[in-house]
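Residue strings, one per chain:
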Amino acid sequence: LFCPMASSFPNVSELVARARRLYRQVFGEEAPQVAVCAPGRVNLIGEHTDYNQGFVLPMALPLVTVVVGSQTSGQDVSVVTAAEDAGGPLRADFSLPSDGSPLSPGLPSWANYVKGVIQHYRAPPVPGFRAAIASSVPLGGGLSSSASLEVAFYTFLQQLKPDDGDKVSKALACQQAEHTHAGVPCGIMDQFVSVLGREGHALLIDCRSLEATFVPLADPGLVILITNSNVKHSLTGSEYPTRRRQCEEAASILGKASLRDTTMKDLEEARDRLDAVTYQRARHVIEEIERTVQAVETLKRGAYAEFGKLMVESHNSLRDLYEVSCKELDELVSAAMEVEGVFGSRMTGGGFGGCTVTLMQAHAVDRTILHIKERYSGTPTFYVTTPSEGARALSLP
Ligand code: GAF
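Residues numbered from 1 in each chain as written. Predicted model: local features only at pLDDT ≥ 70, side-chain atom pairs only at ≥ 80, totals over all residues. Heavy atoms only, no water.

1. A closer look at unusual backbone geometry
Selection criterion: Numbering of helices and strands starts at the N terminus; helices are DSSP runs of H or I of at least 4 residues and strands are runs of E of at least 2.
Note that the residue after Leu107, namely Pro108, is joined by a cis bond; omega there is -5°. Within the secondary structure, Pro108 sits in the loop between strand 4 (90-95) and helix 2 (112-120). For the bond running from Pro124 to Pro125, omega is -5°, close enough to zero to count as cis. Mapping Pro125 onto the fold places it in the loop between helix 2 and strand 5 (129-135). A positive phi angle, close to 60°, is found at His48, a residue other than glycine. A positive phi angle, near 65°, is found at Ser144, a position not held by glycine. Here Ser144 shows up in the loop between strand 5 and helix 3 (145-160).

2. Things to note about the confidence of the model for the protein chain
When pLDDT drops low, the exact placement of atoms in the prediction is not to be read closely. To be explicit about the condition: Confidence per residue, as judged by the predictor, is encoded in pLDDT with a range of 0 to 100.
Residues of the protein chain with pLDDT of at least 70 account for 99%, and the chain-wide mean is 95. Complex prediction metrics read pTM 0.97 and ipTM 0.99.

3. With respect to the packing of aromatic side chains
To be explicit about the condition: Here is the rule: rings of Phe, Tyr and Trp (six-membered ring for Trp) pair when centre to centre is within 6.5 Å. Planes less than 30 degrees apart are stacked, more than 60 are edge-to-face, and the remainder are tilted. We call a charge positioned over a ring when the NZ of a Lys or the CZ of an Arg lies within 6 Å of the ring centre and within 35 degrees of the ring normal.
Within this structure, the stated rule accounts for 8 aromatic pairs. Linked through ring pairs, Phe129, Phe153 and Phe156 together constitute an aromatic cluster. Of note, Arg243 hangs over the ring of Tyr322, and the distance from its end group to the ring centre comes to 5.9 Å.

4. Looking at the site of the ligand
Stated precisely, the cut-off is as follows: Here a residue counts as near a molecule or strand whenever at least one of its heavy atoms sits within 4 Å of it. For the purposes of these results, a polar contact is taken to be a pair of N or O atoms within 3.5 Å, where, inside protein, one atom must be able to donate a hydrogen and its partner to accept one; residues adjacent in sequence count only when each atom of the pair is a side-chain atom. The Shrake-Rupley method, run with a 1.4 Å probe, gives the accessible areas here. Residue values count only the displayed protein chains as cover. Under the convention adopted here, Pro, Cys and the residues Ala, Val, Leu, Ile, Met, Phe, Trp and Tyr are nonpolar, Asp, Glu, Lys and Arg are charged, and Gly plus all remaining residues are polar.
Taken together, Arg41, Glu47, His48, Asp50, Tyr51, Cys186, Gly187, Met189, Asp190, Tyr240, Gly349 and Gly350 make up the full set of residues adjacent to the ligand. Side-chain polar atom of Arg41 to an oxygen atom of the ligand: 3.0 Å apart, as the coordinates give it. Between Gly350 and the ligand, the recorded distance is 3.5 Å, taken from a backbone N or O atom to an oxygen atom. About the coverage of the ligand: the protein hides 92% of its 310 Å² of free accessible area. When grouped by side-chain class, the residues that make up the shell around the ligand number 4 nonpolar, 4 polar and 4 charged.

5. Some thoughts on the UniProt feature "domain: Galactokinase N-terminal" (unreviewed entry) in the protein chain
Formally: UniProt positions are given in the numbering used here, feature names are shortened, and annotations may be inferred rather than shown by experiment.
As recorded in UniProt, the feature "domain: Galactokinase N-terminal" (unreviewed entry) lies at residues 22-70. Summarising residues 22-70: 12% helix, 57% strand, and an end-to-end C-alpha distance of 14 Å.

6. Details of the pattern of salt bridges
What counts, and what does not: Salt bridges, as used here, are contacts in which a Lys or Arg side-chain nitrogen is within 4 Å of a carboxyl oxygen on Asp or Glu. Note on exposure labels: buried denotes an accessible area under 20% of the residue type's maximum, exposed denotes more than 50%, and partly exposed covers the range between, all computed with a 1.4 Å probe on protein chains only.
In this structure the tally under the stated criterion is 20 salt bridges. Between Arg243 and Glu239 there is a salt bridge, and its shortest N-O distance comes to 2.6 Å. Taken together, the residues Arg243 and Glu239, both in helix 6 (residues 235-253) and 4 residues apart, mark about one turn of the helix. Neither residue differs from the other here; Arg243 and Glu239 are each classed as buried. Between Arg244 and Glu248 there is a salt bridge whose closest N-O contact spans 3.4 Å. Pair noted here: Arg244 and Glu248 are both in helix 6, with a separation of 4 residues, about one helical turn. On the basis of relative accessible area, Glu248 is assigned to the partly exposed category, the value being 43%.

7. Considering helix 11 (residues 365-375)
Residue pairs spaced three or four apart in an α-helix point in one direction, given the helix's 3.6 residues per turn. Worth spelling out the cut-off: Note: the arc covers the axis-to-C-beta directions of the helix. Contact criterion: two residues are considered in contact whenever any of their non-hydrogen atoms come within 4.5 Å of each other.
Burial in helix 11 covers these residues: Val365, Thr368, Ile369 and Ile372. Considered in projection along helix 11, the buried side chains sweep an arc of 100° and stay on one side of the axis. Taken together, the buried residues of helix 11 touch strand 8 (222-232), helix 10 (327-337), strand 9 (342-348), strand 10 (353-361) and strand 11 (381-385).

8. Brief notes about the state of the cysteines
What counts here: In what follows, a disulfide is any cysteine sulfur pair within 2.5 Å.
Under the counting rule described, the total for this entry stands at 0 disulfides. As a non-bridged cysteine, Cys174 has Cys186 as the owner of its nearest cysteine sulfur, 10 Å distant. Residue Cys174 is classed as buried on the basis of its relative accessible area of 0%. Summary of cysteine pairing: Cys326 is not part of a disulfide, and the nearest cysteine sulfur, belonging to Cys355, is at 11 Å. Taking relative accessible area as the criterion, Cys326 reaches 10% and is therefore assigned buried.

9. Describing the packing of helix 10 against helix 11
The condition that has to hold: Note on geometry: axes are lines fitted to C-alpha atoms, helical ones only across the stretch in contact, with angles between N-to-C directions running from 0 to 180 degrees. The labels follow the angle: roughly parallel below 35 degrees, roughly antiparallel above 145, roughly perpendicular from 65 to 115, and oblique for the rest. By the definition used in this description, the sense in which the near helix is turned from the far one sets the handedness, with an anticlockwise turn below a right angle giving left-handed and a clockwise turn giving right-handed.
For the pair helix 10 and helix 11, the least separation of the axes is 9 Å and the interaxial angle reads 135°. Put simply, helix 10 runs oblique to helix 11. Taken as a pair, helix 10 and helix 11 cross one another with a handedness that is right-handed. From helix 10, Glu331, Leu332, Ala335 and Ala336 reach across to helix 11, where they touch His371, Ile372 and Arg375. Considering only residue class, the contact of helix 10 with helix 11 consists of 4 nonpolar, 1 polar and 2 charged.

Structural data, given as structure tokens:
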């Protein structure tokens with residue numbers, strides 16, 4: 001859909017061209033041998049449920065991270081990133097340990113995603129290489145720029161030295177990289193959808209069995225609008241592990257392995273054994289898992305208004321019970337919901353800033369953008385998106 005009001009973003013071939021230029025400029029050698037890309041994601045519903053072994057419903061975005069590069073003969077790695085958002089280009093050089101000792105995280109911190117992926121790659125040892133990165137996923141914008149970088153690098157390493165090619169294990173290895181090298185105890189959603197995303201489909205992920213069901217989502221009358229609040233509150237880092245701990249505590253008090261195994265009836269019966277905050281957190285998770293299951297069912301029937309209602313309920317629960325929203329995200333959701341033709345809107349991702357996702361009739365998109373711009377106290381960025389393909393190798397010209 002052509003929408004002059006939304007931001008335009010470079011397509012994959014433009015990003016490959018940018019990365020190739022950067023590669024040549026920095027390494028001054030012949031063209032790179034390999035090119036790959038991996039997408040960012042937006043989550044439609046099922047928030048903060050993945051690390052509770054629940055359901056999530058994300059889709060892969062046309063916003064992607066591209067890596068181009070070549071294997072080298074030694075043990076050295078050099079990576080350069082265009083990183084326009086961060087005043088790039090930025091370069092990192094390090095050596096791969098020859099004695100099998102771990103590749104520890106260090107500085108610059110952005111290179112830890114690369115190091116983490118090397119550390120958890122399933123066909124060690126990894127050869128030395130040179131690579132250049134170009135990305136259209138906004139950094140730190142809640143659209144999984146980090147997962148797309150991890151998955152892109154894993155895909156890059158697969159071209160240099162193939163592993164067994166199991167996609168779920170690939171997502172799990174990239175999640176491990178995030179845990180050990182970025183220090184974020186994230187769930188599996190972001191890496192999973194970046195690996196397994198499919199054009200024209202959302203992905204229902206059962207985060208307990210790690211089974212994925214592809215849910216068709218390619219209605220030309222429908223638009224999925226992402227609005228970046230362009231704020232990032234510093235709470236994100238500390239609050240995410242706290243939420244995860246609170247959920248584990250609730251499950252343990254209830255005598256369950258995870259909140260996935262818990263019903264609202266169990267929770268109500270145990271109410272006097274939980275403090276008020278732990279109760280709220282658990283209630284959000286239990287109800288959000290149920291909402292996600294219902295949302296898939298509404299989507300299959302094309303009942304977008306019902307889907308939209310569940311999105312708003314999800315947002316309100318994240319705001320009031322889970323307390324991971326912020327005034328900017330609340331403003332964006334309220335503004336979107338005032339426009340005729342909008343089915344639903346909610347914050348997406350970890351929270352405390354980042355983006356909202358809004359489902360609407362295609363004809364409402366321009367007036368929705370105008371209305372949000374008018375009502376929002378900050379400066380938003382808009383992306384009109386469609387469900388896109390997961391990570392893949394690209395052919396070079
Ligand atoms: C972040 C995490 F990385 C995901 O695993 C997920 O928990 C999400 O926050 C909240 O749903 O994106």
